[in-house]
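Listed below, chain by chain, are the residues.
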Amino acid sequence: MEVLSVASEAYPLIKTGGLADVVGVLPAALAPHGVSMRVLLPGYPRVMSGLTGGHEIYWFEDLFGGEARLIAGRANGLDAIAIDAPHLYDRPGNPYLGPDGKDWPDNWRRFAALSFAGYEISRGIVEGYRPEVLHCHDWQAGLVPAYVRFNPGSTARTIVTVHNIAFQGVFGWDVFNGLKLDYEAARTGSIEYFGNLSYLKAGLLLADEVTTVSPTYAHEIRTAAYGMGLEGLLQSRADSVMGILNGIDANEWNPGTDPALAQTYGASTIFNRAANKAAVEQRFGLEPGEGPIFCVVSRLTTQKGLDMLPGLIDMLVAHGGRLAVLGSGDAAIENGFAGAALRHPGKVGVHIGYDEGLSHLMQGGADAILIPSRFEPCGLTQLYGLRYGCIPVVSRVGGLADTVIDANEAAIEAGVATGVVFSPAAEEVLGEAIRRTIALYARPKVWHKMQRRGMKSDVSWELSAEKYADLYGSLLGHARDDDADD
Ligand code: ADP
Ligand code: GLC
C-alpha cells in the first residue's frame, strides 16, 4: 500500500512537539505491515538542509504565489518529500511562528499549499508515484480531503488524525479565494465554521476516516468539555472516529543504547541510573540529596497544566523534593519557574529552551516526570518516562489515562502500578500527587518495582501500527467496492 503522510513536522528534520515524533516514526513502524509511507513536509530551512540525496521530482510554476519544487530525499531512513517554496517556508522562527513569537500572518496560505501539494501528488503529478491513501495530520493538512473531494482528478482515500483539537486552523472567509479550492466546498458549507472557515473542521467532515491518538481522547473529543466546539461533528461521525494509541521510537528512546545518557542501563541494571541522576544534578545546578528529583520536559502551557506547578514548588522542596525544568512557552509560567529557581538555589533548576539531548538525559536520571495536563491527546513524555524508569506523575486525561497505572495500594500489591495518576487536574490535587510520589519514593522496594514494571510495559508501535495498516486496507477495500459499483 502506498501511503503519503502529510504533516507540518517530522523528526528528525523538524520538531516542535510530539506530532513530529509520531510522523517521523510511523513509516518505519508500518513497513513490516506492507505499507510504504513517504512524508510530505513544508521545506523550512532545517528541512531543506537536513535532507540527504535530495532531487527534484516536480516543479510548480506557481504554488500559492511563487515558484516551487518538490524535492525527494531522506533523513535517517525517513523517506521525505519537501516542498521547496522559499516564498512560503524559507524563514527564521519555528514552523508556525515568526521570531517575534506570533503566528505568521500567511499561515492560511502556507498550510493550504501543503495540503494542495498533497492533493496534487495524489493526482499523479509525480512520475511513477501515486499514493492511494493520504494520511493527514492536524489542521495543517486538514484541507487535503477538501481538495480531494471538490477539486478534480484524485481518487485517493483520506484519513485525518487529530493530534490536538485545540488547534483548528480558523481563518476569515477572505482567504477562500486564495485557496484554489472549488467553490462547491464553500457552497456545501463543508469548510464553514461559526462564520469563519476551519481547515480542521473541513478535514474531520470530509475525510474517509478520522482517528485520534488515544482511545480515551477519542471519547473525550465527542464531549463539550474537550471537543472545543467540534464535538457535535464528531458525534455525527462517531462510527469513523477511532482512537489509536501512539507508541515510541524504540531505537531513539532506548536506555540501553541512548548516547545522550551518562550511563546506559536496563531493567536489571537500574542502579546505573545513578550516574545519570548525578549528571542531571550537575546540568541543573542541584545539590545532591536524599529525596526524589522531579522533572518537567514540556511546552510550558495551560494545556500541560504547568501553570499549577510554580505555586507548589515551595511545598515540593519542603518535603525534600528537587525539581529540574526544561521547556518554554507562556511567559507567566516561565517566570514562575525562574522565580522558584531563585528562591531555591540548589533545589530547583530551570532551562528555558529546547534541548533534545537534555530531554533524554532527564528521562534517564530524574526520578519522576510531572505531566499535570488539563487535556492530553496522547502524550509521549510519559511513555518515555515508563521506558526509562522515570516514574510518570500524570492527570487522568486522554492518553495519560490510557498508559499509566496508578500506584494505589491495591495496584502496588498486585504489582501492576507504573506511576501516580490524579484527577481532576487542579492545583491542590497535583500537590497531593506530589506528596504521594515523595512518600512512594521513600519505599525503595515499591519504587523499584514500579520502575521495572514501567520499563517492561508495552509502549511500542506494534499493535497500533497494525491498526493503521488495517485501516488503510479497509479504505482501499471500500475503494475497490465503490469502483465495482460505478
Ligand atoms: P506535545 O506534542 O503536546 O507537546 P508530547 O508529550 O506528545 O506533547 O510530545 C512532546 C515531545 O516534545 C516529546 O518528544 C518531548 O520530549 C519533547 N519536548 C517538549 N519540550 C521539550 C524541550 N523543551 N526540549 C526538548 N524536548 C522537548
Ligand atoms: C499533540 C498532543 C500530544 C500527542 C502528540 C502526538 O501534540 O498534544 O498529546 O502526544 O500530538 O500525537
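Owing to the predicted nature of the structure, the values given are computational and were not obtained by experimental measurement.

## Considerations on the overall build of the chain
(1) Moving on: Across its full length, the chain carries 20 helices and 18 strands.
(2) Moving on: The C-alpha atoms of the chain give 23 Å as radius of gyration, which agrees with the globular expectation for 486 residues (23 Å, within 12%).
(3) Moving on: Along the three orthogonal principal directions, the C-alpha set of the chain runs to about 70 × 45 × 45 Å.
(4) Moving on: The buried share of the chain, reckoned over its 486 residues, is 58%.
(5) Moving on: The contacts of the chain with a sequence gap of at least 6 include a subset with a gap of at least 24, amounting to 72%.
(6) Moving on: Counting only carbon and sulfur atoms, one obtains 51% of the accessible surface of the chain, whose full area is about 18600 Å².

## A few points about the sheet that holds strand S10 (residues 196-198)
Paired through backbone hydrogen bonds, the strands of a sheet run either parallel or antiparallel to each other.
(1) Moving on: Taken together, the 3 strands give an open sheet; going across it, the order is S8-S10-S9, and neighbouring strands pair in antiparallel fashion. One side of each edge strand has no neighbouring strand; the edge strands of this open sheet are strand S8 (170-171) and strand S9 (192-193).
(2) Moving on: Along the sheet, helix H7 (residues 199-206) makes contact with S8, S9 and S10, crossing S10 at roughly 60°.

## A look at the pairing of strand S15 (residues 348-352)
(1) Moving on: Here strand S14 (residues 322-329) pairs with S15 via 5 bridges, running parallel. Within S15, the position partnered with Gly327 by the bridge is Ile352.
(2) Moving on: Crossover handedness for the path S14 to helix H13 (residues 331-343) to S15: right-handed.

## Topic: the side chain of Glu209
(1) Moving on: Turning to its location among the elements, Glu209 is positioned in strand S11 (residues 209-212).
(2) Moving on: Here Glu209 is buried and forms no salt bridge, its nearest opposite-charge partner Arg237 lying at an N-O distance of 5.6 Å.
(3) Moving on: Excluding residues that lie within four positions of it along the chain, Glu209 makes contacts with Thr158, Ile159, Val160, Arg237, Ser240, Leu471 and Leu475.

## A short note on the environment of Leu97
(1) Moving on: Take Leu97: it is sitting in the loop between helix H3 (86-89) and helix H4 (107-122).
(2) Moving on: As for Leu97 and Asn107, which are separated by 10 residues in sequence, their C-alpha atoms are 9.0 Å apart.
(3) Moving on: In this structure, Leu97 is in contact with Pro92, Lys102, Asp103 and Trp104, ignoring residues within four places of it in sequence.

## Digging into the site of ligand 2
(1) Moving on: Of all residues adjacent to ligand 2, which total 14 residues, the nearest are His163, Asn246, Glu376, Cys378 and Gly379.
(2) Moving on: Here an oxygen atom of ligand 2 and a side-chain polar atom of Gln303 are 3.3 Å apart.
(3) Moving on: A distance of 2.4 Å is found between an oxygen atom of ligand 2 and a side-chain nitrogen or oxygen belonging to Glu376.
(4) Moving on: Contact with the protein chains removes 92% of the 310 Å² of surface that ligand 2 exposes when unbound.
(5) Moving on: The leading source of residues in the shell around ligand 2 is helix H1 (residues 18-30), at 3 residues.
(6) Moving on: Here the shell around ligand 2 is built from residues that sort into 6 nonpolar, 6 polar and 2 charged.
(7) Moving on: Split by domain, the shell around ligand 2 shows at least three residues from each of two domains, domain 1 (2-247 + 461-485) and domain 2 (267-455).

## Topic: the domain arrangement of the chain
(1) Moving on: Splitting the chain by domain gives domain 1 (2-247 + 461-485) and domain 2 (267-455).
(2) Moving on: Spacing between the C-alpha centres of domain 1 and domain 2 amounts to 33 Å.
(3) Moving on: Listed by partner, the interface residues are 20 residues for domain 1 and 18 residues for domain 2.
(4) Moving on: Summing both sides of the interface, domain 1 and domain 2 together bury roughly 1400 Å²; the carbon and sulfur share of this comes to 60%.
(5) Moving on: Our count for the domain 1 to domain 2 interface comes out at 1 salt bridge.
(6) Moving on: Residue Glu356 is joined to Lys15 by a salt bridge in which the shortest nitrogen-to-oxygen separation is 3.3 Å.
(7) Moving on: Run the count over domain 1 and domain 2 and you get 7 residue pairs in polar contact (both at pLDDT 80 or more).
(8) Moving on: The element that contributes the greatest number of residues to the side of domain 1 that touches domain 2 is helix H8 (residues 215-220), accounting for 4 residues.

What counts and what doesn't
- Residues numbered from 1 in each chain as written.
- Chains lettered and ligands numbered in written order.
- Predicted model: local features only at pLDDT ≥ 70, side-chain atom pairs only at ≥ 80, totals over all residues.
- Heavy atoms only, no water.
- Helix = DSSP H or I, 4+ residues; strand = E, 2+ residues; numbered from the N terminus.
- Rg over C-alpha atoms; globule rule 2.2 N^0.38 Å.
- Buried < 20%, exposed > 50% of the residue type's maximum accessible area, 1.4 Å probe, protein only.
- Contact = heavy atoms within 4.5 Å.
- Areas by Shrake-Rupley, 256 points an atom, 1.4 Å probe, with all protein chains shown as cover.
- Pairing = 2+ DSSP bridges.
- Axes fitted to C-alpha atoms, helices over the stretch in contact; angles between N-to-C directions.
- Right-handed = clockwise from strand over helix to strand, strands pointing away.
- Lys, Arg positive; Asp, Glu negative; His and termini not counted.
- Salt bridge = Lys/Arg side-chain N within 4 Å of Asp/Glu carboxyl O.
- Near = heavy atom within 4 Å.
- Polar contact = N/O pair within 3.5 Å; in protein donor to acceptor, adjacent residues only side chain to side chain.
- Nonpolar A, V, L, I, M, F, W, Y, C, P; charged D, E, K, R; others polar.
- Domains from an automatic or database assignment.
- Buried area = accessible area lost by both parts, 1.4 Å probe.

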